[in-house]
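Below are the chains, spelled out letter by letter.
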Amino acid sequence: MRIAAIIVRVLMGLMFLFSAAVFFFKIIPVPEMTGPIKTFNEGLAASGYFMPFLKGVETIAGLALIAGLFVPLATVVLLPITVNIFLVHLFLAPEGIPIAIFMFGGNLFLAYYYRKHYSSMLVMK
């Protein structure tokens, strides 16, 4: 299970880091979008701050996953992002659902693997 956790966290870290690098450095041209996904992305871009903030968080969390540092924290920070990636691909862009399933499932797997680290967070005080 330890080796699987290392593989999943490094792959997820690389995917988040690559996604952020594409956004910040314009490595790959953005494909033309149509329909609801275009409206969704235009709405996010219209805020002006959200996409750079999101990609900054993905960069930091991706580096943490790759380095194996603060992995439980990175999984908590990335959970709402991976849930949103999954839901966007489920409802708006189904062609990307395999990657979305891996990202969401990988995050859940890492959360399960590091579950002992969350016990103090889940204590009612």
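Residues numbered from 1 in each chain as written. Predicted model: local features only at pLDDT ≥ 70, side-chain atom pairs only at ≥ 80, totals over all residues. Heavy atoms only, no water.

**Here we look at the overall build of the chain**
Part 1: Looking only at helices and strands, one finds five helices and zero strands in the chain.
Part 2: Start at the N end of the chain and walk to the C end: the helices and strands fall as α-α-α-α-α.
Part 3: For the C-alpha atoms alone, the extent of the chain along its principal axes is close to 45 × 30 × 25 Å.
Part 4: Looking at the chain alone, contacts between residues at least 24 apart form 74% of all its contacts between residues at least 6 apart.
Part 5: Carbon together with sulfur atoms contributes 76% to the accessible area of the chain, which is approximately 8,100 Å² in total.
Part 6: If the 8 positive side-chain charges of the chain are averaged to one point and the 4 negative ones to another, these points end up 23 Å apart. (Helix = DSSP H or I, 4+ residues; strand = E, 2+ residues; numbered from the N terminus. Contact = heavy atoms within 4.5 Å. Areas by Shrake-Rupley, 256 points an atom, 1.4 Å probe, with all protein chains shown as cover. Lys, Arg positive; Asp, Glu negative; His and termini not counted. Charge placed at Lys NZ, Arg CZ, Asp CG, Glu CD.)

**A word on the packing of helix α1 (residues 2-25) against helix α5 (residues 97-113)**
Part 1: At a minimum axis distance of 10 Å, the contact between α1 and α5 shows a crossing angle of 135°. Here α1 is positioned oblique relative to α5, judged by the angle of their axes. When you trace α1 past α5, the crossing you get is left-handed. In contact with R2, A4, A5, V8, R9, L11, M12, M15 and F16 of α1, α5 contributes I99, F102, M103, G106, N107, F109, L110 and Y113.
Part 2: In terms of residue class, the contact of α1 with α5 is made up of 13 nonpolar, two polar and two charged. (Axes fitted to C-alpha atoms, helices over the stretch in contact; angles between N-to-C directions. Parallel < 35°, antiparallel > 145°, perpendicular 65-115°, else oblique. Left-handed = near helix turned anticlockwise from the far one by under 90°. Nonpolar A, V, L, I, M, F, W, Y, C, P; charged D, E, K, R; others polar.)

**Let's talk about the packing of aromatic side chains**
Part 1: Counting across every chain of the model gives four aromatic pairs.
Part 2: Look at Y49 and F50: their rings are 6.2 Å apart centre to centre, the planes differ by 90°, and that puts the pair in the edge-to-face class.
Part 3: A relative accessible area of 56% means that Y49 is categorised as exposed.
Part 4: Its relative accessible area of 27% is what places F50 among the partly exposed residues.
Part 5: For the ring pair F86 and F104, a centre distance of 5.4 Å and an interplane angle of 25° mean the geometry is stacked. Of this pair, F86 sits in helix α4 (residues 71-91) while F104 sits in helix α5, and the two are 18 residues apart along the sequence. (Phe/Tyr/Trp six-rings, centres within 6.5 Å; stacked < 30°, edge-to-face > 60°. Buried < 20%, exposed > 50% of the residue type's maximum accessible area, 1.4 Å probe, protein only.)

**Concerning the pattern of salt bridges**
Part 1: The full count for this structure, using the stated rule, is two salt bridges.
Part 2: Across the salt bridge formed by K38 and E42, the nearest N and O atoms sit 4.0 Å from each other. Of the two residues, K38 and E42 both sit in helix α2 (residues 36-46), four residues apart, roughly one turn of that helix.
Part 3: Accessibility expressed as a relative area gives 33% for K38, which makes it partly exposed.
Part 4: In this structure, K55 engages E58 in a salt bridge whose closest nitrogen and oxygen atoms are separated by 3.2 Å. In this pair, K55 and E58 both sit in helix α3 (residues 50-67), three residues apart, roughly one turn of the helix. Taken as a pair, K55 and E58 share a single burial class, namely buried. (Salt bridge = Lys/Arg side-chain N within 4 Å of Asp/Glu carboxyl O.)

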